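# Results of the structural survey
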Amino acid sequence: MKKITIILILAVLFSGCNDDFLDRTPLSEISPENSFNTAADLELYTNSFYNDLSGVGGIIENDNLSDNVLFNGVPREQTGDRLIPAEAGSSGWSWGDLRKINIFFENYERSSDEDAKKEYSGVAYFFRALFYYNKLKRFGDVPWYDTVIGTGDTDLLLKPRDSRGFITQKIIEDLDKAIENLNTDRSSDRVNRWTALALKSRVCLFEGTFRKYHGGQGADELLNLAQLAAKRVIDESPYNIYSTGNSNTDYRDLFASNDAIENEIILTRRYSLDLDVINSINYYFTSPTQSDVGLTKSIVDTYLLDSGLPFTSQSGYETFNFLEESQNRDPRMYQTIRTPEYTRIGGNSSVLPDFSASISGY
């Protein structure tokens, strides 16, 4: 018995010195070692990227720093105040979404499924481009990171910002990879090749226009890339302009539909009362308790006349009263703001603009 006991103790001691035995990945925890192996793993991980899309407030949350929306109170960015990076939630200087994407890039090659690697790396390239596009619009120069930063990577954490020209170049490179890798299936709640082309057109239009009017080289080149990307969506994609032949309601119905109209919408966030996934946009525009928002006259003035001429080409347009400025306009204006004879969907009587729900009247 003593010999057997000694042998067992020695066996335990020797096994305890075996690094391969001790350094094992916990089977009950998700880690890079037991993830990123199958197509299902890659799909599940990249599904989390879709949470980074625009939030439930839509135009209100995403357009509140432009001159399109008027608030009862001036945002800090417009008063000249500066937000320190520690206030990540309000300043926009947040990098958690990027880290999540770069973790994917550091691990997805573990999979042996070549088709899945191609497809879901395309998804990751798209979302990294989208992440940096949002940073470019808000900050201009920002640091470019394409690796996962650890707590000891002080040199990376303290690196200076890269130029907006460099950031734009990297965004376009990521989108070109996404365009090459993504499938062409039409699905409005999943990114595909057409989604990436549409974003490339938007990025190049934004930055090209910025350089054209604020100085900087390469404006014409970027605007040409925007045109080429948009042309491919028009010529090659399965999307087209939604139309039932009724120009007085089609534009409204595209945005008011309970279900996404798949033949025009390229990327959307789906909402469902059954799943308790809802948005608050109607609350912003119709609730007297939220009377701190309205569209500005400058955005309303951009709607053309029904002749195709600019509204601002008319003499004295600045002082037109509401009825006058509502005459002979692009039908889309009447489907965007309340104008004379406006009725809500399902209603029978006309409804006037409500200053208790909109501080500008629009």
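The structure presented is a predicted model; accordingly, all values stated were derived computationally and were not measured.

Moving on, we get to unusual backbone geometry. With a phi close to 60 degrees, phenylalanine 36 is a non-glycine residue in the positive phi region. On the secondary structure map, phenylalanine 36 appears in the loop between helix H2 (19-22) and helix H3 (39-47). The class for phenylalanine 36 is buried, based on a relative accessible area of 4%. In this structure, asparagine 328 takes a positive phi of about 55 degrees despite not being glycine. Residue classification places asparagine 328 among the partly exposed positions, given a relative accessible area of 48%.

Another aspect to go through is the packing of H3 against helix H8 (residues 114-139). The geometry of H3 relative to H8 is characterised by a closest axis approach of 10 Å and an angle of 5 degrees between their N-to-C directions. Classified by the interaxial angle, the pair formed by H3 and H8 is roughly parallel. Contacts from Ala39, Leu42, Glu43 and Thr46 of H3 reach H8 at Ala116, Lys117, Tyr120 and Val123. When grouped by side-chain class, the residues that make up the contact of H3 with H8 number five nonpolar, one polar and two charged.

A few words now on H8. Counted at 1.5 Å a residue, the expected span for H8 with its 26 residues is 38 Å, and the 37 Å between its end C-alpha atoms agrees. Within H8, 19 of the 26 residues are buried, which leaves the element mostly enclosed by the surrounding structure. For H8, the side-chain oxygen to backbone nitrogen distance between the N-cap and aspartate 115 is 3.2 Å, and the N-cap itself is aspartate 113. Following H8 by one or two positions, glycine 140 has its phi on the positive side, about 80 degrees.

Attention now moves to the side chain of serine 358. When you line up the elements, serine 358 lands in the segment after helix H17 (331-334). Overall, serine 358 belongs to the buried group, its relative accessible area being 8%. From its side chain, serine 358 meets the backbone nitrogen of glycine 361 in a polar contact 3.3 Å long.

Cut-offs used in this document
Residues numbered from 1 in each chain as written. Predicted model: local features only at pLDDT ≥ 70, side-chain atom pairs only at ≥ 80, totals over all residues. Heavy atoms only, no water. Helix = DSSP H or I, 4+ residues; strand = E, 2+ residues; numbered from the N terminus. Buried < 20%, exposed > 50% of the residue type's maximum accessible area, 1.4 Å probe, protein only. Axes fitted to C-alpha atoms, helices over the stretch in contact; angles between N-to-C directions. Parallel < 35°, antiparallel > 145°, perpendicular 65-115°, else oblique. Contact = heavy atoms within 4.5 Å. Nonpolar A, V, L, I, M, F, W, Y, C, P; charged D, E, K, R; others polar. Expected span 1.5 Å × (residues − 1). Polar contact = N/O pair within 3.5 Å; in protein donor to acceptor, adjacent residues only side chain to side chain.

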